[in-house]
Amino acid sequence: MAASSAASAESPHRDVELDTSALRVLAHPLRLNVLTLLRERGPSTATRIAEELGINPGAASYHLRRLASGGLIVDEPGRGTGRERWWKSVHRQSIHDPATAPVEQREAGRAYTQAVAVAAADRLRRAAQEVALLPQEWLEATAYSDFLLHLTPGEADRMKAEISEVIARYRHESGEAPEGSAPVVLQVQAFPVPGTALPPAGDA
């Protein structure tokens with residue numbers, strides 16, 4: 001399952017199963033980063049997002065409009081002016097499960113999954129740059145690990161489901177986070193070692 005998520009106090013706490021149109025909108029790592037920023041930090045403007053992500057305000061505006069066209073973000077009521085629009089996420093989490101998706105979504109689903117992987121790698125890179133600055137208690141609580149497992153597709157799918165159950169037990173809704181907490185990104189990545197599971201040439 002490919003999922004882009006980040007709960008925010010501003011979003012209604014519900015998830016969305018992505019349709020083909022939304023998958024195509026989100027098949028862009030930078031667009032995913034824009035959506036994630038809105039979910040993590042709450043409503044924002046193109047100017048603020050551009051500063052946060054280090055991109056051109058025009059590019060931020062373009063990606064915001066594309067997200068809005070896919071029904072993933074909306075205007076924040078009562079904020080903004082004619083020159084500056086405020087946007088907020090509509091959902092807590094975007095979900096696409098290739099195992100249950102219809103056949104016509106396969107191409108769009110692959111492009112989306114690739115974008116999720118690229119965006120996750122970029123987030124990990126930015127986190128790595130801050131390791132030396134982390135307070136000791138957070139450094140001790142972080143984990144950057146990988147494990148080599150020999151699994152069938154069915155075993156990998158069952159493991160994914162079990163991990164999702166654990167994550168659900170630790171997910172706090174808005175206003176319920178314990179004192180002293182901070183937003184924590186948990187990246188769950190399970191994929192065949194590159195080059196080991198590709199079909200023979202001509203069979204794809």
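Everything numeric here is computed off the predicted structure, so don't read it as measured data. (Residues numbered from 1 in each chain as written. Predicted model: local features only at pLDDT ≥ 70, side-chain atom pairs only at ≥ 80, totals over all residues. Heavy atoms only, no water.)

Enquirer: Explain the overall build of the protein to me, please; I cannot follow it from the model alone.
Expert: When helices and strands are tallied, the protein shows seven helices and five strands. Going from N to C terminus, the protein has its helices and strands arranged as β-β-α-α-α-α-β-β-β-α-α-α. In terms of C-alpha radius of gyration, the protein reaches 18 Å, essentially the compact-globule figure of 17 Å for 204 residues. Counting only C-alpha atoms and orienting by the principal axes, one finds that the protein spans roughly 55 × 45 × 30 Å. Counting all 204 residues of the protein, 27% fall into the buried class. (Helix = DSSP H or I, 4+ residues; strand = E, 2+ residues; numbered from the N terminus. Rg over C-alpha atoms; globule rule 2.2 N^0.38 Å. Buried < 20%, exposed > 50% of the residue type's maximum accessible area, 1.4 Å probe, protein only.)

Enquirer: What's the story with the pattern of salt bridges in this structure? I'm lost.
Expert: Any two side chains of opposite charge can pair, given that their charged atoms come close. The tally for this structure, following the rule as stated, stands at eight salt bridges. One salt bridge connects R126 with D122, and the closest N-O pair in it is separated by 3.2 Å. Here R126 pairs with D122, and both are found in helix α5 (residues 106-128), just four residues apart, close to one helical turn. Assessed through its relative accessible area of 34%, R126 is described here as partly exposed. By relative accessible area, which is 22% here, D122 ends up partly exposed. Look at the salt bridges and you will find they share partners, linking D122, R125 and R126 into a network. (Salt bridge = Lys/Arg side-chain N within 4 Å of Asp/Glu carboxyl O.)

By themselves these figures say nothing about function.
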